[in-house]
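Residues per chain are reported as follows:
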Amino acid sequence: MILVGSKALSLDEVYRVLFGHEKLELEEGALQQVRDNFLFLQQFSAKKLIYGINTGFGPMAQYRIPEADTLQLQYNLIRSHSSGAGKCLAPLLTKGLMIARLNSFMQAHSGVHPDVVILLKELINNDVYPCVFEHGGVGASGDLVQLAHLALVLIGEGEVLYEDKIQPAAAVFARLGLQPMKVHIREGLAVINGTSAMTGAGLVNLIEAKKLLGWSCTLSAMINEIVEAFDDHLSYELNVVKQHRGQNRIAEVMRDMLKDSKMIRHRPDHLYKELEEEIFKDKVQEYYSLRCVPQILGPVYDTLQQAEKVVTQELNSVSDNPVVDHHHKNVYHGGNFHGDYISLEMDKLKIAITRLSMLSERQLNYLMNDKLNHKFPPFMNLGKLGFNFGMQGVQFTATSTVAENQTLSFPMYVHSIPNNNDNQDIVSMGCNAALMANRVIENTFEVLSIQVMTMLQAVDYLNCQDRLSSFSQRIYREVRAIFPKFIEDSPKYKDLQKIKEYLVEQVPVMV
């Protein structure tokens, strides 16, 4: 059970809810603070002009709303902004969104009735996923459109994904005995005014990106192993003189993976002695995609560390406007709904993961190209050259997918388009940034799956299973259980999907 409201939520706790199916519980002291905050706003808002309670919204805030219409105003806001388009978000992203919105409300600065947080908790714990659409938010007054679709479900309207079927929210509520949210003061604005869609997607992205980094370290270690590379480019002594935490961590992880390998070579045993050859058959130094892995993946590690810090700070923040402060007996108007922090981190994250996919593609190309490796048959073809094709077909998929990643890596953070009658004259596009990063991550799992397939074919070509490190042997056995060695040509798309699922579910090491 994960307690919400007693302390800051960590990425690990979010992981346990998203992937470990742990349930959420609301800490009673924090829930009491939500009640106190609501009661304060109820009393404080009488006969005062407060944005979004008795005014219009955005550029229409100068219009006073009669008291008799203030509750209907909130319903109008929810329904009018439920205007998303495109595909529905994947359940993981939607669940992340709900966790982020719940945690923001549990900070007790939004003036919502306690029933709102209780209902959100029940939806999360029962795996009820509102149909939230990918297109719509500009990340300025928060993720207005995406969160409006959450609010629409909370009031018992719209549709949800429940038990793998799209169903009317009202029917699922009735089945589970849930009461829709009622508007008391500002619940409509409170639900939609925040960064929770981009933050929820950002949390999922971080978890998946960390898996990719672990797999990239694994495959980079294995390729160094099977080509019998020298060990000094991973050594502590070489890396410690470069004062970057990420580089040193990547080198350390890879050294540990290869510690009992019988294939990695120690340079002094081969080259630091008197040699008679004028031209050496062995490369004195490996290609950069093998030799410079700590220097390439190190910045990826550092980027993910920074992104985790920022995204979890946002998760534990109040991203509402106005902010209701019952401790200081005031309501503060400002811009905590602006998504720049998440937008910038998601852009950095997708650039880093694109770079990781580029490293994978170069390592894959090295294995495929016999003119580079001088060790394997073209396209890792274990059949008859010219008659069979080996891994030739899937290389096209890897190359095109990395190219897509490169195009997707244009930053959304610098792509503001003013809208809302220029009230929102500079916007973050944070949700777009998070969803594009998610696409890059999904693509990269496909690229690494192709690299895994090729790596295992290389091991079988060399018949070197017994010389691999114990770590590499475990990976070899696990993947070969779902992807047997092949010689004759056969369709590979189902194998690719199975290996991708394996990579997503089985993390070799969290770097």
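Residues numbered from 1 in each chain as written. Predicted model: local features only at pLDDT ≥ 70, side-chain atom pairs only at ≥ 80, totals over all residues. Heavy atoms only, no water.

Asker: Looking at this structure, I do not really get the overall build of the protein. What am I missing?
Answerer: Secondary structure assignment for the protein yields 20 helices and 9 strands. Its C-alpha atoms put the protein at 95 × 50 × 45 Å along the principal axes. When each of the 511 residues of the protein is scored for burial, the buried share is 56%. Roughly 22300 Å² of accessible area belongs to the protein as shown, and the carbon and sulfur atoms make up 53% of that amount. Charge-centre separation for the protein: the mean point of 49 positive side chains lies 1 Å from the mean point of 58 negative side chains. (Helix = DSSP H or I, 4+ residues; strand = E, 2+ residues; numbered from the N terminus. Buried < 20%, exposed > 50% of the residue type's maximum accessible area, 1.4 Å probe, protein only. Areas by Shrake-Rupley, 256 points an atom, 1.4 Å probe, with all protein chains shown as cover. Lys, Arg positive; Asp, Glu negative; His and termini not counted. Charge placed at Lys NZ, Arg CZ, Asp CG, Glu CD.)

Asker: Help me understand the confidence of the model for the protein, please; the structure alone is not making it clear to me.
Answerer: Fine structural detail should not be taken from predicted coordinates in areas where pLDDT scores are low. On average, residues of the protein carry a pLDDT of 92, and 95% of them reach 70 or more. Taken element by element, the protein is modelled with least confidence in helix α12 (residues 267-270), mean pLDDT 69, and with most confidence in helix α5 (residues 114-125), mean pLDDT 98. (pLDDT = per-residue confidence, 0-100.)

Asker: Please explain the layout of surface pockets as it appears in this structure.
Answerer: In this approach the atoms are scanned with a rolling probe the size of a water molecule, which exposes any empty space left behind. Considering only enclosed or pocket space, the largest pocket measures out at about 920 Å³ in volume. Along the walls of the largest pocket sit 29 residues, with A90, L93, N438, R439 and E442 positioned nearest its centre. Elements with a minimum of two residues in the lining of the largest pocket: β3 (85-88), α4 (91-105), β5 (133-135), α9 (196-226), α18 (430-462) and α20 (493-505). A per-element tally of the lining of the largest pocket places α18 first, with 9 residues. (1 Å grid on protein atoms, 1.4 Å probe; cavity = no way out; pocket = protein on both sides within 12 Å on 5 of 7 lines; lining within 4 Å. Points joined across faces, edges and corners; volume = space filled by probe spheres on them.)

Asker: Is there a simple way to think about the sheet that holds strand β6 (residues 159-162) in this case?
Answerer: Sheet strands line up and pair through hydrogen bonds in the backbone, either parallel or antiparallel. The strand order across the open sheet formed by 3 strands is β4-β6-β7, and the pairing between neighbours is antiparallel. Each end of this open sheet is capped by a strand with a single partner; those strands are β4 (129-130) and β7 (165-168). Here β6 pairs with β7 via 4 bridges, running antiparallel. Paired with L161 across the two strands is I166, which belongs to β7. (Pairing = 2+ DSSP bridges.)

Asker: Honestly, empty space enclosed by the protein in this entry has me stumped. Any pointers?
Answerer: A complete count under the given rule lists 1 cavity of 30 Å³ or more for this structure. The space that makes up the largest cavity amounts to roughly 40 Å³. Along its surface, the largest cavity is lined by K210, L213, Y301, L304, Q305 and V511. Within the residue set of the lining of the largest cavity, elements represented by two or more residues are α9 and α14 (293-315). The biggest single contributor to the lining of the largest cavity is α14, with 3 residues.

Asker: Explanation requested: the environment of L147 in the structure shown.
Answerer: For L147, the location among the structural elements is in helix α6 (residues 144-154). Separated by 48 residues in sequence, L147 and T195 have C-alpha atoms that sit 8.8 Å apart. Every residue in contact with L147, bar those within four places of it in the chain, is listed here: L97, R101, V191, I192, G194, S196 and A197. (Contact = heavy atoms within 4.5 Å.)

Asker: Where do I start with the pattern of salt bridges in this structure?
Answerer: Side chains that carry opposite charge are capable of pairing whenever their charged atoms lie near each other. If you walk through the whole model with that rule in mind, you get 25 salt bridges. Between E308 and K210 there is a salt bridge; the shortest N-O distance is 2.6 Å. Remark: K210 occurs in helix α9 and E308 occurs in helix α14; sequence separation between them is 98 residues. You can call K210 buried: its relative accessible area is 18%. Salt bridges here are not isolated pairs; linked through shared partners, they connect D12, R16 and E22. (Salt bridge = Lys/Arg side-chain N within 4 Å of Asp/Glu carboxyl O.)

Asker: Just checking my understanding: could you explain a nonpolar patch on the surface for this structure?
Answerer: Side chains of L344, F410, Y413 and V414 sit close together on the surface and give an oily, nonpolar patch of about 370 Å² of accessible area. Mapped onto the fold, L344 is located in helix α15 (residues 340-368). Judged by its relative accessible area of 31%, L344 falls in the partly exposed class. (Patch = residues over 30% accessible without salt bridge, like charges linked within 9 Å, V, L, I, M, F, W, Y side chains within 5 Å.)

Asker: How should I be thinking about the packing of aromatic side chains in this particular structure?
Answerer: Aromatic ring pairs are described here by two measures, namely the spacing of the ring centres and the angle between the planes. Going through the model one piece at a time under the given rule, you end up with 6 aromatic pairs. K211 extends its terminal NZ or CZ atom over the ring of F19, reaching a point 4.3 Å from the ring centre. Here R265 stacks its cationic end above the ring of F230, 4.4 Å away from the centre of that ring. (Phe/Tyr/Trp six-rings, centres within 6.5 Å; stacked < 30°, edge-to-face > 60°. Lys NZ or Arg CZ within 6 Å of the ring centre and 35° of its normal.)

Asker: Could you clarify how one ought to interpret the pairing of β6 in this entry?
Answerer: The side chains of a regular strand alternate between both faces of the sheet. Only one face of β6 is buried, namely the one carrying V160 and Y162, since none of E159 and L161 on the opposite face is buried. Sheet analysis places β4 next to β6, joined by 2 bridges and oriented antiparallel. In the sheet register, P130 faces β6, and the bridge partner there is V160. In sequence, β6 turns back onto β7 through a hairpin of 2 residues, with E163 there showing a positive phi of about 55 degrees.

Asker: Can you walk me through the side chain of Q146 in this structure?
Answerer: In this fold, Q146 is placed in helix α6. Judged by relative accessible area, Q146 falls into the buried class, the value being 0%. Here Q146 is in contact with V132, F133, E134, H135, G136, G137, A197 and C431, once residues within four sequence places are set aside.

Asker: Please clarify how helix α1 (residues 11-18) should be interpreted in this entry.
Answerer: All of the buried residues in α1 are L11, E13, V14, V17 and L18. Relative to the axis of α1, the buried residues are bounded by an arc of 160 degrees and lie together on one face. Packing partners of the buried residues in α1 comprise β1 (2-4), β2 (24-26), α4, α5, α9 and α14. (Arc of directions from axis to C-beta.)

Asker: Sorry if this is basic, but what is going on with the state of the cysteines here?
Answerer: Think of a disulfide as a covalent bridge from one cysteine sulfur atom to another cysteine sulfur atom. Tallied over the full model, the rule gives 0 disulfides. Free cysteine: C88, not disulfide-bonded; nearest cysteine sulfur from C131 at 4.0 Å. Residue classification places C88 among the partly exposed positions, given a relative accessible area of 37%. The thiol sulfur of C292 is not disulfide-bonded, and the nearest other cysteine sulfur, from C217, lies at 15 Å. (Disulfide = S-S within 2.5 Å.)

Asker: Sorry, what's going on with the nonpolar core here?
Answerer: A general tendency of soluble globular proteins is for nonpolar side chains to be buried together. I226 and L349 are the most contacted members of the largest nonpolar core, which totals 151 residues. Dropping the residues within four chain positions of it, L349 is found in contact with N205, L206, A209, T303, L304, A307, A437 and I441. Counting 9 residues, the second largest nonpolar core, distinct from the first, contains F38, L41, V324 and V331. (Core = buried A, V, L, I, M, F, W, Y, C linked by side-chain atoms within 4.5 Å.)

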